[in-house]
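Structural overview
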Amino acid sequence: MTKLTDMNRRSALSLLAAGAATSLLPSTALASKLENLAFFGPPAGPSVTLAYAVASGAFDPITDDATFKAWRNPDELRAGLTSGNIGISVVPVQAAANLYNRGFPIRLANVMTNGLLYIISEDAGIKTIKDLQGHSIAVPFRGDTPEIIFGQLLAFNGLNAEQDLQITYAGSPIEAMQLLLAGKVDAALTAEPSTTAGVLRGRKAGKKVSRVIDIQKAWGEMTGAAPVIPQAGLAVTQAFLDTNADTLSTIQATLETVTSEVIEDPGKAARAATKALGLPAPLLAASVPHCNLVARPASDARADIERMLTAMAGPDMARIGGKLPDDQFYL
């Protein structure tokens, strides 16, 4: 997934400035359609679902003007949230939890991926986290979700990030992938769709790049639970809830249906999403099967979320504001 997870690094705690949100209301018929419904998200797997839903008219029952726009970096997202121009967006779950615990009015409506992190390499000898010892690896977004999760896996497998590996920090998963293809590292930690891009570009260049480690499976082995990393989901602001709370159950039901359609026909979804995400349709279509797309209500995914947050939180749970979010965080 594209970044945003530990938002402190980019002063992201200035994102919002209003009170607590209201509860998710049961599905009801709207008295009138919304004038518009603007969704936002990163150029990554979960946004394929949103972009396809908009393009296919899935939200027509509640608005005649549904849009999707991809934010390209956390600064753009922060500006949109602060100005009120972004009210409903795909956001890394840890970021949402951290903001909520620090008093900002953001709540989680659902989880849209069960994890989309992989390690890619040409070295077929790398099959497990322990096999990375002595190797060089590109790791994106220092201090954010991918690096935090990777660090937890290294520690669990008895590896010291500073002594046992040579880590090159990259600005994005795409940059990490490019470092691998350039032969500057032995492996790269990437998120879809840059993982798929690495495999496809490597193939064109005569390189046998493959997904050597599924981070979700490694995470499941560490936690002793399902191979699930509820990495990102749809979050809403107070301003959105104040005026659109009665649409959330309809939005969730729509996304559940649309997610099934995306998984069933990635090509169709990719063609509909390519313009909005600014990524080639063939790349998006090839990436979808590896994105672990879901549309799980946040309350239903709570156990997996808390398992992930607990493992990622760090000393005194500092990365999530000192505690697990309470009941009100989950819509």
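In the block above lies the structure referred to throughout.
What counts, and at which threshold
- Residues numbered from 1 in each chain as written.
- Predicted model: local features only at pLDDT ≥ 70, side-chain atom pairs only at ≥ 80, totals over all residues.
- Heavy atoms only, no water.
- Helix = DSSP H or I, 4+ residues; strand = E, 2+ residues; numbered from the N terminus.
- Rg over C-alpha atoms; globule rule 2.2 N^0.38 Å.
- Buried < 20%, exposed > 50% of the residue type's maximum accessible area, 1.4 Å probe, protein only.
- Areas by Shrake-Rupley, 256 points an atom, 1.4 Å probe, with all protein chains shown as cover.
- Lys, Arg positive; Asp, Glu negative; His and termini not counted.
- Charge placed at Lys NZ, Arg CZ, Asp CG, Glu CD.
- Core = buried A, V, L, I, M, F, W, Y, C linked by side-chain atoms within 4.5 Å.
- Contact = heavy atoms within 4.5 Å.
- Pairing = 2+ DSSP bridges.
- Right-handed = clockwise from strand over helix to strand, strands pointing away.
- Phe/Tyr/Trp six-rings, centres within 6.5 Å; stacked < 30°, edge-to-face > 60°.

**Thoughts on the overall build of the chain**
Each helix and strand counted, the chain has 12 helices and 12 strands in total. On C-alpha atoms alone, the chain measures out to a radius of gyration of 19 Å, which is about the 20 Å that the 2.2 N^0.38 rule sets for 331 residues. When its C-alpha atoms are laid out on the principal axes, the chain stretches across 60 × 45 × 35 Å. Taken over 331 residues, the chain has a buried fraction of 55%. Element-wise, carbon and sulfur atoms account for 49% of the exposed surface of the chain, whose accessible area totals about 13,200 Å². Positive and negative charge centroids in the chain, built from 28 and 31 side chains respectively, lie 6 Å apart.

**Looking at helix H5 (residues 173–181)**
The periodicity of an α-helix, 3.6 residues per turn, causes residues three or four places apart in sequence to face the same way. Among all positions in H5, only Pro173, Ala176, Met177, Leu179, Leu180 and Leu181 are buried. Once H5 finishes, Gly183 follows within two positions and takes phi at roughly 80°, a positive value.

**As for the nonpolar core**
Within the largest apolar cluster, 103 residues are counted, with the highest numbers of intra-cluster contacts made by Phe39, Ile119, Ile129, Leu132, Ile215, Leu234 and Ile251. Not counting residues up to four positions away in its chain, the partners in contact with Ile251 are Leu37, Phe39, Phe59, Ile62, Ile88, Leu234 and Phe240. One finds Phe40, Leu77, Leu81 and Ile86 within the second-largest nonpolar core, a separate group that totals five residues.

**Quick notes on the pairing of strand E1 (residues 37–41)**
Counting buried residues along E1, four of its five residues qualify, which places the element largely inside the surrounding structure. Pairing geometry for E1 and strand E2 (residues 66–70), over five bridges, is parallel. The residue of E2 that forms the bridge with Gly41 is Ala70. Read as a crossover between parallel neighbours, the route from E1 over helix H1 (residues 45–55) to E2 is right-handed.

**Considerations on the packing of aromatic side chains**
Within the structure shown, the criterion is met by three aromatic pairs. Plain terms: the ring middles of Tyr100 and Phe329 are 5.2 Å apart, the flat faces sit at 50° to each other, and that makes the pair tilted. In this pair, Tyr100 is assigned in helix H3 (residues 93–101) and Phe329 in the segment after helix H12 (302–312), connecting sequence segments 229 residues apart. A relative accessible area of 16% means that Tyr100 is categorised as buried. Ring plane angle 80° and centroid distance 5.1 Å describe the contact between Phe329 and Tyr330, whose orientation is recorded as edge-to-face. For the pair Phe329 and Tyr330, a shared accessibility class is recorded, and that class is buried.

**Observations concerning unusual backbone geometry**
Glycine aside, negative phi is the norm for most residues, and most peptide bonds take the trans geometry. Between Glu192 and the following residue, Pro193, the backbone shows a cis peptide bond with an omega angle of 10°. Assignment of secondary structure puts Pro193 in the loop between strand E9 (187–191) and helix H6 (194–204). Here the phi dihedral of Asn292 falls at roughly 50°; this positive angle occurs in a residue that is not glycine. Position of Asn292 among the secondary structure elements: in the loop between helix H11 (281–287) and strand E12 (293–297). Classification of Asn292 as partly exposed rests on a relative accessible area of 30%.

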